[in-house]
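Each chain, letter by letter, is given below.
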Amino acid sequence: MAVRMPTTLTAALEALAADPAAQLLAGGTDFMVETNFGHRTPTSVIALDRVAELKAWSHDAADRTVRIGAGITYRTLCEPPLAALLPALAEASRTVGSPQIRNAGTIGGNLGTCSPAGDALPVLSALDATVHLAGPSGERTLPVHEFMVGVKRTALGPGELIAAITVPLLDGWQGYAKVGVRNAMVIAVASACLATDRPSRSVRLALGAVGPTVLRAPEAEAWVADQVDWETGRLLGDPLDVAHRFGTLAAAASRPIDDHRSTAAYRRHAVGVLAARLLRRAFPS
Ligand SMILES: Cc1cc2nc3c(=O)[nH]c(=O)nc-3n(C[C@H](O)[C@H](O)[C@H](O)COP(=O)(O)OP(=O)(O)OC[C@H]3O[C@@H](n4cnc5c(N)ncnc54)[C@H](O)[C@@H]3O)c2cc1C
């Protein structure tokens with residue numbers, strides 16, 4: 001098998017243009033599992049882990065955004081300074097696999113696989129991240145929801161790779177929660193990211209593993225924004241009632257299926273509980 005190891009983005013794109021059938025390998029934590037099970041049979045590989053541009057991140061304080069190279073690992077996302085800038089992404093990253101997986105696995109690989117259970121994806125959705133794709137005709141940028149087309153399907157075109165993700169910095173509490181069949185080394189059965197933004201008085205809720213791709217819950221978001229006293233940071237009315245109603249609206253926004261990990265009914269219930277818990281954490285009484 002031909003394996004190319006470019007060290008620049010330009011060289012990676014040239015390698016892809018020269019061999020359009022080549023498969024992109026980042027940390028390999030999905031790629032190698034699929035190869036070992038025979039679900040993927042690569043004949044040539046472009047390894048991205050030495051591409052300097054993909055390993056870089058930057059904080060634009062004026063624009064209030066963070067641009068994260070696709071090759072940034074969960075380990076980097078878990079630690080300061082990135083963890084302080086993007087706390088929900090750090091929280092989600094800490095739930096991924098084991099230390100070995102977090103050392104190797106990348107945010108670009110999570111997007112590349114595009115599983116509805118990918119832990120980084122609800123956070124990127126709730127924060128309205130954009131995905132930068134580099135290709136033969138330059139870079140194009142898509143909202144993350146246009147990038148995630150369906151179950152393990154993305155908007156990546158021929159000759160393109162994920163270069164980076166830009167994540168807006170919000171001003172408010174944000175967090176991530178996940179349910180699996182055990183407490184560690186587990187793929188989500190249901191997950192949720194809640195992010196609040198005081199200046200825009202908005203609450204964003206993204207749901208993972210309960211639909212063909214990550215879903216937002218617009219009805220729950222709009223309803224709950226009116227239940228918040230934005231001056232004091234507390235919920236109006238009985239917090240338990242508000243959280244319960246919010247959870248019910250979140251569950252109603254889900255579109256789960258029965259599969260080998262769980263049932264649709266449990267997933268729907270669990271995602272409602274996660275949403276209600278996150279809301280209580282965001283607005284403690
Ligand atoms: C034991 C174990 C536990 C795991 N636990 C979790 C978990 O808890 N939560 C979770 O979300 N995931 C988990 N995973 C899955 C995996 O670790 C993540 O999805 C990870 O983010 C994949 O990143 P990677 O760099 O290893 O990608 P790779 O495996 O190298 O690639 C994954 C896919 O993305 C494509 N790709 C990679 N980089 C790019 C790029 N820059 N541009 C375009 N396409 C690209 C590849 O071609 C491939 O199709 C686990 C995996 C294992 C083996």
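Details of the structure are given in the entry above.
A quick note: this is a predicted structure, and the numbers were derived from the prediction, not measured.

With respect to topology, five strands assemble into an open sheet ordered β4-β5-β10-β6-β7, the strand pairing being antiparallel. Each having just a single partner strand, β4 (57-60) and β7 (138-143) make up the two edges of the open sheet. Strand after strand, the sheet turns through a mean of 20 degrees between neighbouring axes, direction not considered. Direction of pairing for strand β5 (residues 65-69) relative to strand β10 (residues 161-168): antiparallel, over a ladder of five bridges. By the bridge assignment, G69 is partnered in β10 with A164. Contacting β6 (130-135) and β10, helix α1 (residues 9-18) crosses the sheet at an angle of about 135 degrees to β10.

Further remarks concern the packing of helix α10 (residues 218-225) against helix α11 (residues 239-253). Direction vectors running N to C along α10 and α11 enclose 160 degrees, while the axes themselves pass 8 Å from each other. Here α11 runs roughly antiparallel to α10, going by the angle between their axes. When the axes of α10 and α11 are compared, the crossing they make is right-handed. Residue-level contacts link E219, A220, E221, W223 and V224 of α10 to V242, R245, F246, L249 and A250 of α11. In the contact of α10 with α11, the residues fall into seven nonpolar, no polar and three charged.

What follows covers the site of the ligand. L24, T29, D30, Y74 and D119 are the nearest of the 33 residues found near the ligand. G27 is positioned with one of its backbone polar atoms (N or O) 2.8 Å from an oxygen atom of the ligand. Contributing elements (two or more residues each) for the shell around the ligand: β2 (23-25), α2 (31-36), α6 (99-104), α7 (107-113) and β10. Broken down by element, the shell around the ligand gets its largest block of residues, four residues, from α7. By residue class, the composition of the shell around the ligand is 17 nonpolar, 12 polar and four charged.

All right, on to the nonpolar core then. I68, L86, L89, L111 and L124 are the most contacted members of the largest nonpolar core, which totals 51 residues. A190, V224, V242 and L274 belong to the second-largest nonpolar core, a separate cluster that totals 29 residues.

With that settled, consider α11. The end-to-end C-alpha distance of α11, which contains 15 residues, comes to 21 Å, matching closely the 21 Å that a straight helix rising 1.5 Å per residue would cover. Taken together, the buried positions of α11 are P239, V242, A243, F246, G247, L249, A250 and A251. The elements touched by buried residues of α11 are β12 (190-197), β13 (202-208), α10, β16 (234-235) and α12 (264-282). Measuring from the backbone nitrogen of L240 back to the side-chain oxygen at the start of α11 gives 2.9 Å, which picks out D238 as the cap.

It is worth spelling out the pairing of β12 at this point. Of all the eight residues making up β12, eight are buried; the element is thus mostly covered by neighbouring parts of the structure. The two faces of β12 match: A190, A192, L194 and T196 on one face and S191, C193, A195 and D197 on the other face are all buried. In terms of strand pairing, β12 meets β13 through seven bridges, oriented antiparallel. Looking across to β13, one finds that S191 is bridged to G208. Hairpin connection from β12 to β13: four residues lie between these consecutive antiparallel strands, with R201 at a positive phi of about 50 degrees.

With that out of the way, let us pick up the environment of K178. With respect to the element layout, K178 can be found in strand β11 (residues 174-179). With 11 residues separating them along the chain, K178 and V189 place their C-alpha atoms 7.5 Å apart. Contacts of K178, omitting those with residues within four sequence positions, involve T95, V96, D119, V186, I187, A188, A190, S191 and L274. Polar side-chain contacts of K178 include one of 2.8 Å to the backbone oxygen of V186.

Procedures and definitions
Residues numbered from 1 in each chain as written. Predicted model: local features only at pLDDT ≥ 70, side-chain atom pairs only at ≥ 80, totals over all residues. Heavy atoms only, no water. Pairing = 2+ DSSP bridges. Helix = DSSP H or I, 4+ residues; strand = E, 2+ residues; numbered from the N terminus. Axes fitted to C-alpha atoms, helices over the stretch in contact; angles between N-to-C directions. Contact = heavy atoms within 4.5 Å. Parallel < 35°, antiparallel > 145°, perpendicular 65-115°, else oblique. Left-handed = near helix turned anticlockwise from the far one by under 90°. Nonpolar A, V, L, I, M, F, W, Y, C, P; charged D, E, K, R; others polar. Near = heavy atom within 4 Å. Polar contact = N/O pair within 3.5 Å; in protein donor to acceptor, adjacent residues only side chain to side chain. Core = buried A, V, L, I, M, F, W, Y, C linked by side-chain atoms within 4.5 Å. Buried < 20%, exposed > 50% of the residue type's maximum accessible area, 1.4 Å probe, protein only. Expected span 1.5 Å × (residues − 1).

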